[in-house]
Amino acid sequence: MYYIKLTNGDDIVADISKNTKGDFTTLVNPFKMDTRPMVTDEGVIDTLSLSSWLHPYSEDTSIRIMKSSIVTIVPASPGLKTFYKKQYEVFKKNRDKTPKEWRVKERKRPTPIQTQRDEFDDYMDEMEDAEWDKIKKRIYN
């Protein structure tokens, strides 16, 4: 189990496959780490959450990444390994609750707002360009 820092800033915890070939390496069951400060009675502490890195966008559990996208790799601490294992078990239980196929819904174009003309519109239509220029000058200067 390793902590991996990627060039895009993502912090990942995962196993690394021994079958590394060429410019790529394979991360097994990668989880993205998110650390945030939390105010407690004792002061500010860091909280850690782990979420599946690419699920549900991919059902693959082994993800190939370019070695050049890795900044650093270090063995995970015992505490991180324990937390990862607990989160991975929760993930496995809940994985089937995510729809297998995401439906793409076509967005409807918004209906333009229909306005009714009023006497102000008639006045604006009759206003000459010179009058508009005077108004713009007062507003923008």
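Note that the structure is predicted; figures quoted are calculated from it, not measured.

> Whenever I open this one, the overall build of the protein confuses me. Can you help?
Helix and strand counts for the protein come out as 3 helices and 6 strands. Going from the N terminus to the C terminus, the protein shows its helices and strands as β-β-β-β-β-β-α-α-α. In terms of C-alpha radius of gyration, the protein reaches 28 Å, well past the compact-globule figure of 14 Å for 141 residues. The principal-axis extent of the C-alpha atoms belonging to the protein is close to 80 × 45 × 40 Å. Looking at the protein residue by residue over its 141 residues, the buried ones come to 22%. When contacts within the protein are restricted to residue pairs at least 6 apart in sequence, long-range pairs at least 24 apart make up 53% of them.

> In this structure, what is going on with the pairing of strand 1 (residues 2-6)? I would like to understand it.
Residues in a regular strand point their side chains to alternate faces of the sheet. Bridge analysis of strand 1 against strand 2 (residues 11-16) gives 4 bridges, and the strand direction is antiparallel. Bridge assignment links Lys 5 to a residue of strand 2, and that residue is Asp 11. With antiparallel pairing between neighbouring strands as the criterion, strand 1 and strand 2 make up a hairpin whose turn holds 4 residues, including Gly 9 at a positive phi of roughly 100°. Pairing geometry for strand 1 and strand 6 (residues 70-75), over 5 bridges, is antiparallel. Counterpart to Tyr 3 in the pairing with strand 6 is Val 74.

> For this particular structure, what's the right way to read the side chain of Asp 10?
For Asp 10, the location among the structural elements is in the loop between strand 1 and strand 2. Polar contacts involving the side chain of Asp 10 include one to the side chain of Trp 53, which spans 3.2 Å. Filtering out sequence-adjacent residues up to four positions away, Asp 10 remains in contact with Ile 4, Lys 5, Lys 32 and Trp 53.

> Sorry if this is basic, but what is going on with unusual backbone geometry here?
Excluding glycine, residues mostly carry a negative phi; peptide bonds, for their part, are mostly trans. With a phi close to 50°, Asn 29 is a non-glycine residue in the positive phi region. Considering the arrangement of structural elements, one finds Asn 29 in strand 3 (residues 24-40).

> Would you mind going over the packing of aromatic side chains with me for this structure?
Each aromatic ring pair is specified by the distance between its two centres and by the angle formed by the two planes. One pass over the full model with this rule turns up 5 aromatic pairs. On the numbers, 6.1 Å between centres and 75° between planes, the contact of Phe 31 with Tyr 88 is edge-to-face. Here Phe 31, found in strand 3, pairs with Tyr 88, found in helix 1 (residues 78-94); they are 57 residues apart in sequence, far enough to count as distant. Assigned by exposure class, Phe 31 and Tyr 88 land together as buried. When the ring centre of Phe 24 is taken as reference, the NZ or CZ atom of Arg 64 above it lies at 4.3 Å.

> Is there a simple way to explain the pattern of salt bridges in this structure?
Pairing between side chains of opposite charge can happen when their charged atoms approach one another. One pass over the structure, following the stated rule, counts 4 salt bridges. Of the charged contacts in the structure, one is a salt bridge between Lys 32 and Asp 10, with a shortest N-O distance of 3.4 Å. Here Asp 10 lies in the loop between strand 1 and strand 2 and Lys 32 lies in strand 3, a separation of 22 residues in the sequence. Ionic pairing is found between Asp 34 and Arg 36, a salt bridge with its closest N-O pair at 2.8 Å.

Rules used throughout
- Residues numbered from 1 in each chain as written.
- Predicted model: local features only at pLDDT ≥ 70, side-chain atom pairs only at ≥ 80, totals over all residues.
- Heavy atoms only, no water.
- Helix = DSSP H or I, 4+ residues; strand = E, 2+ residues; numbered from the N terminus.
- Rg over C-alpha atoms; globule rule 2.2 N^0.38 Å.
- Buried < 20%, exposed > 50% of the residue type's maximum accessible area, 1.4 Å probe, protein only.
- Contact = heavy atoms within 4.5 Å.
- Pairing = 2+ DSSP bridges.
- Polar contact = N/O pair within 3.5 Å; in protein donor to acceptor, adjacent residues only side chain to side chain.
- Phe/Tyr/Trp six-rings, centres within 6.5 Å; stacked < 30°, edge-to-face > 60°.
- Lys NZ or Arg CZ within 6 Å of the ring centre and 35° of its normal.
- Salt bridge = Lys/Arg side-chain N within 4 Å of Asp/Glu carboxyl O.

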